[in-house]
Amino acid sequence: MKRNPDRTVQRVAAGVLLAVTLFAGCDLLRRDPPPDAIAVVGNDWLTRETAVRELHAMGVDSVDEAAIARYVNRWIDRKLLVNEARDLHLDGDPETARRLDELEAEFLISELLARSTTVDTPSARQIVEYWKNHTGEYTRVTDEVSLVIARVTSKNRAWRLREGFDQSLSEQQMREEIGVTRIDTLRNIAVERVPGEIAEAIEPLKSGQASLPIQYHDDWMIVKVLDRFRAGRARPVEEVESLVIARMMAEERSRRKFEFIEALRREARQSGFVRIRIAEARAETTGAVPDTAAPRATRGN
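Residues numbered from 1 in each chain as written. Predicted model: local features only at pLDDT ≥ 70, side-chain atom pairs only at ≥ 80, totals over all residues. Heavy atoms only, no water.

Draft legend 1. Region of the structure containing the overall build of the chain. What the chain contains, in helices and strands, is 10 helices and six strands. Within the chain, buried positions represent 25% of all 301 residues. Residue pairs in contact within the chain that sit at least 24 positions apart in sequence constitute 64% of those at least 6 positions apart. About 21700 Å² of surface is accessible on the chain, with carbon and sulfur atoms providing 52% of the total. (Helix = DSSP H or I, 4+ residues; strand = E, 2+ residues; numbered from the N terminus. Buried < 20%, exposed > 50% of the residue type's maximum accessible area, 1.4 Å probe, protein only. Contact = heavy atoms within 4.5 Å. Areas by Shrake-Rupley, 256 points an atom, 1.4 Å probe, with all protein chains shown as cover.)

Below, the structure written as structure tokens:
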């Protein structure tokens, strides 16, 4: 039989490569870390760019050298622990393998649903319409008040501070001209949560009025009432806008998730990919959403 010279050369080359690999062990698989690596554990390395990107994603100051050092230490510890677990062959334990499979499945499902059920932020008109239809769910259950609390170190400065409030001085002017040590704005706080001394001082005040000087621990303060809100009244849409948006998007995401899964079930049943022999399960898979409303499901080979 005539041999193919190209095939013979390929087999010889493969044999040589296999022999070299056996003699060299894992050295051929070892990778040299790049020059910008700031930490190396075995064949894994960490660059500053990666550390900064991860810190930024976590909302941590990625310019802080101490934060970067802490991240590097955690990264090294994690790699060492994983390597130790693999050296002990924990990844070969049947129960561990089962749990890893479950974690992988949960991650894949989460990614699939996140990409298949994306929801846009509702428009201003949609937010107002939703709020109008659910005002009873955004009703105040207790009296609330919005306050500005300014602190100074003496009673004389407190009286000057009150004049500043009457003159509508800016926060910067109060700090520079009066020596205010601290100014806090508290919005929509339940009256029952206001400290007793402050609650008593603001009780007769109307919106826009400031209190007399109040001694509070070692400070003196003036409290100005920005607004009062009575229990039983619906919160304005501007106050609850973020809550409304979060709820609208959660409801829409849930609806799309249901439709997406129903579409997968329908397609799987029609193709024979899924067969059910339990009456309850069969009833559960009956679609409450019309076929025309569901997105087309795709399934890989």
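Draft legend 2. Expanded view of the sheet that holds strand β3 (residues 144–152). Within the open sheet, the four strands sit side by side as β4-β3-β6-β5. Their pairing is antiparallel. Looking at strand neighbours, the two that pair on one side only are β4 (182–190) and β5 (214–216), the edges of this open sheet. Ignoring which end each strand starts from, the neighbouring axes of this sheet average 35° apart. In this sheet, strand β6 (residues 219–229) lies alongside β3 in antiparallel orientation, the contact comprising nine bridges. (Pairing = 2+ DSSP bridges. Axes fitted to C-alpha atoms, helices over the stretch in contact; angles between N-to-C directions.)

Draft legend 3. Highlighting the side chain of E144. Within the secondary structure, E144 sits in strand β3. Its relative accessible area of 6% is what places E144 among the buried residues. A distance of 2.6 Å separates a polar atom in the side chain of E144 from a polar atom in the side chain of R140. At 2.6 Å, the side chain of E144 and the side chain of R235 are in polar contact. If we ignore the near neighbours within four places in the chain, the residues touching E144 are N188, I189, A190, V191, D227, R228, F229, R235 and E239. (Polar contact = N/O pair within 3.5 Å; in protein donor to acceptor, adjacent residues only side chain to side chain.)

Draft legend 4. Representation of the nonpolar core within the structure. Counting 14 residues, the largest nonpolar core has V152, L161, F165, M174, I178 and V180 as its most contacted members. Those elements that place two or more of their residues in this core are β3, α6 (155–166), α7 (171–178) and β6. Apart from the residues within four sequence positions on either side, L161 is in contact with A150, V152, M174, I178, V180 and I222. Formed by 13 residues, the second largest nonpolar core is a distinct cluster that contains V145, L205, Y216 and M221. (Core = buried A, V, L, I, M, F, W, Y, C linked by side-chain atoms within 4.5 Å.)

Draft legend 5. A look at the pattern of salt bridges. Using the criterion set out here, one finds 22 salt bridges in the structure. Where D166 meets R162, a salt bridge forms, and the shortest distance between an N and an O atom there is 3.4 Å. Taken as a pair, D166 and R162 lie in helix α6 at a separation of four residues, close to a single helical turn. Under the relative-accessibility criterion, D166 is labelled exposed at 52%. (Salt bridge = Lys/Arg side-chain N within 4 Å of Asp/Glu carboxyl O.)

Draft legend 6. Broad picture of the side chain of S146. The topology assignment puts S146 in strand β3. Judged by its relative accessible area of 3%, S146 falls in the buried class. The residues touching S146, leaving out its near neighbours within four places in the chain, are L186, R187, N188, K224, V225, L226, D227 and F229.

Draft legend 7. Quick peek at the packing of helix α2 (residues 48–57) against helix α3 (residues 65–87). Between α2 and α3, the least distance of the axes is 10 Å, while the angle of their chain directions is 100°. On the basis of their axis angle, the class for α2 and α3 is roughly perpendicular. Of the residues in α3, those touching α2 at R48, A51, V52, E54 and L55 are E65, A67, I68 and Y71. Partitioning the contact of α2 with α3 into residue classes produces six nonpolar, no polar and three charged. (Parallel < 35°, antiparallel > 145°, perpendicular 65-115°, else oblique. Nonpolar A, V, L, I, M, F, W, Y, C, P; charged D, E, K, R; others polar.)

Draft legend 8. Highlighting unusual backbone geometry. For S168, which is not glycine, the phi dihedral falls at a positive 55°. With respect to the helices and strands, S168 occurs in the loop between α6 and α7. Positive phi, normally seen in glycine, also occurs at H217, with a value near 60°. Mapped onto the secondary structure, H217 falls in the loop between β5 and β6.

Draft legend 9. A look at the pairing of β6. Relative to β6, β5 is paired through three bridges, and the arrangement is antiparallel. Directly across from Q215, in β6, lies its bridge partner W220. A loop of two residues connects β5 with β6, the two strands running antiparallel in sequence, and H217 in this loop sits at a positive phi of about 60°.

Draft legend 10. The environment of L243, seen in detail. Looking at the secondary structure, you find L243 in helix α9 (residues 237–271). Residue class for L243 comes out exposed when judged on its relative accessible area of 52%. Note: C-alpha distance between L243 and Y138 (105 residues apart in sequence) is 9.4 Å.

Draft legend 11. Representation of the confidence of the model for the chain within the structure. In the predicted model, the chain carries a mean pLDDT of 82, and the fraction of residues at 70 or more is 83%. Within the chain, helix α1 (residues 5–24) has the poorest average pLDDT of any element, 45, and helix α5 (residues 124–133) the best, 94. Across residues 287–301, where pLDDT falls below 50, the model places 22 contacts with residues more than four positions away in sequence or in other chains. (pLDDT = per-residue confidence, 0-100.)

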